[in-house]
Every structure is written in C-alpha cells, then in structure tokens.
Amino acid sequence: MQKNYEEIIKKVGLRVTPSRLAVLRTLHALNCPIDVQQIEDHLQQQGQTADKVTIYRILEKYEQLGIVKTVFLKEDKLRYELNDEHHHHLVCNNCGSIQAIHGSWLEAAEKYIENQYKFAVSEHTLEFFGMCARCK
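My aim in this report is to walk through the structure given alongside it, one point at a time. If you're wondering where the values come from, they're calculated on a predicted model, not measured in any experiment.

Here Thr54 lies in helix H4 (residues 52-64). Owing to a relative accessible area of 27%, Thr54 belongs among the partly exposed residues under this scheme. For the pair Thr54 and Glu81, spaced 27 residues apart in sequence, the C-alpha separation works out to 17 Å.

Tallying each qualifying case throughout the model produces 5 salt bridges. Between Lys77 and Asp35 there is a salt bridge, and its shortest N-O distance comes to 2.8 Å. In this pair, Lys77 is assigned in the loop between strand S1 (68-71) and strand S2 (79-82) and Asp35 in the loop between helix H2 (18-30) and helix H3 (36-45), connecting sequence segments 42 residues apart. Between Lys111 and Glu114 there is a salt bridge, with the nearest N and O atoms lying 3.8 Å from each other. Linking Lys111 with Glu114, this pair stays in helix H5 (residues 104-117), spanning 3 residues, or about one helical turn.

The 3 strands are arranged S4-S3-S5 in an open sheet whose pairing can be described as mixed. At either end of the open sheet lies a strand with only one pairing partner, and these are strand S4 (98-101) and strand S5 (127-130). Strand-to-strand twist of the sheet, defined as the mean angle between neighbouring strand axes without regard to direction, takes the value 20°. The pairing of strand S3 (residues 88-92) with S4 spans 4 bridges and is antiparallel. Along S4, the bridge assignment pairs Leu90 with Gln99.

Below, the discussion takes up the nonpolar core. Counting residues in hydrophobic clusters, the biggest one holds 21 residues, and the most contacted among them are Leu27, Ile39, Leu59, Tyr62 and Val68. Among the secondary structure elements, those contributing two or more residues to this core are helix H1 (5-11), H2, H3, H4 and S2. A total of 5 residues in this core trace back to one element, the largest contributor, which is H2. Residues within four places of Tyr62 in sequence aside, it is in contact with Ile9, Leu14, Arg20, Leu21, Val23, Leu24, Ile67 and Val68.

It is worth spelling out the packing of aromatic side chains at this point. Each pair of aromatic rings is reported with the distance of its centres and the angle of its planes. This model, assessed by the stated rule, comprises 0 aromatic pairs. Taking NZ or CZ as reference, Lys74 lies 4.3 Å from the ring centre of Phe129, over its face.

Here the focus is the packing of H2 against H4. It is the contact of H2 with H4, at a shortest axis distance of 10 Å, that shows an interaxial angle of 75°. The pairing of H2 with H4 is recorded here as roughly perpendicular in orientation. Across from Ser19, Arg20, Leu21, Val23, Leu24 and Leu27 in H2, the residues of H4 making contact are Thr54, Ile58, Leu59 and Tyr62. A breakdown of the residues in the contact of H2 with H4 according to their chemical character gives 7 nonpolar, 2 polar and 1 charged.

Parameters at a glance
Residues numbered from 1 in each chain as written. Predicted model: local features only at pLDDT ≥ 70, side-chain atom pairs only at ≥ 80, totals over all residues. Heavy atoms only, no water. Helix = DSSP H or I, 4+ residues; strand = E, 2+ residues; numbered from the N terminus. Buried < 20%, exposed > 50% of the residue type's maximum accessible area, 1.4 Å probe, protein only. Salt bridge = Lys/Arg side-chain N within 4 Å of Asp/Glu carboxyl O. Pairing = 2+ DSSP bridges. Axes fitted to C-alpha atoms, helices over the stretch in contact; angles between N-to-C directions. Core = buried A, V, L, I, M, F, W, Y, C linked by side-chain atoms within 4.5 Å. Contact = heavy atoms within 4.5 Å. Phe/Tyr/Trp six-rings, centres within 6.5 Å; stacked < 30°, edge-to-face > 60°. Lys NZ or Arg CZ within 6 Å of the ring centre and 35° of its normal. Parallel < 35°, antiparallel > 145°, perpendicular 65-115°, else oblique. Nonpolar A, V, L, I, M, F, W, Y, C, P; charged D, E, K, R; others polar.

This is the structure in structure tokens:
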C-alpha cells in the first residue's frame, strides 16, 4: 500500500524535499531492513541522487521523529526500516535474506516477562538467525 509520504513529512514539521521523499519511498519499496549503501544504490537505479551524508542525515532525523527505526543484525553496519508496525526478523546466515515475522505469541512473551520478573518493558528487539527454506 503506497502511503502519502509528503503528508507524513509535513506532519512531523519537516520541509518536503525530493531526497526526503525518495528515502521514504525506498524504505517502503524494499520493505526490509536496508543499509545506506542499498538506499543510495536504489536511488541511483531510480534516476535520483542523494549522497551518503544526506541519506544519513535524513535517516537520523526520521529516527528522532519515530518514522524510521534502526535494526542491528550482528553486522558492522546499521540497517533501517519504516517504523510502521512492530515485528521481528528471521535472518539467513547463508544468503542474508531477511524476513519479517509477526505473532501474538511475541506479545504474550512480553507480558510473561513483565509479570514473572516485575519488569516494565519499554521496547524490545528479537532476531532469529539460521537458514532460510531456499538455503536448507
């Protein structure tokens, strides 16, 4: 579903620029955690330009505003994705594919932790690493 990214940018008080729009559209189009190099490559394929510094600045601002979140996947780089729904990831150690997973059992686990350990969870991340169906 294509969202109105111009409205999202305006709503958080930013000026709409081609680069800001392009970064959001790229995150939506690729629909998985991606790094800055992948964003830059995708923009070039679309005939748009934005250097890495500009992309980093846009992502930093989007993260501060809650539009984007950072994903850490045991790598020496950061990945980014839209912060539009809470989910977790399956990461293939062989091909590097990343798949989002959802489930009410994850919410139940969070509630269990809160009740069992009297711990107020404010946020969490969960990634599973292994082999995807194609690589097995």
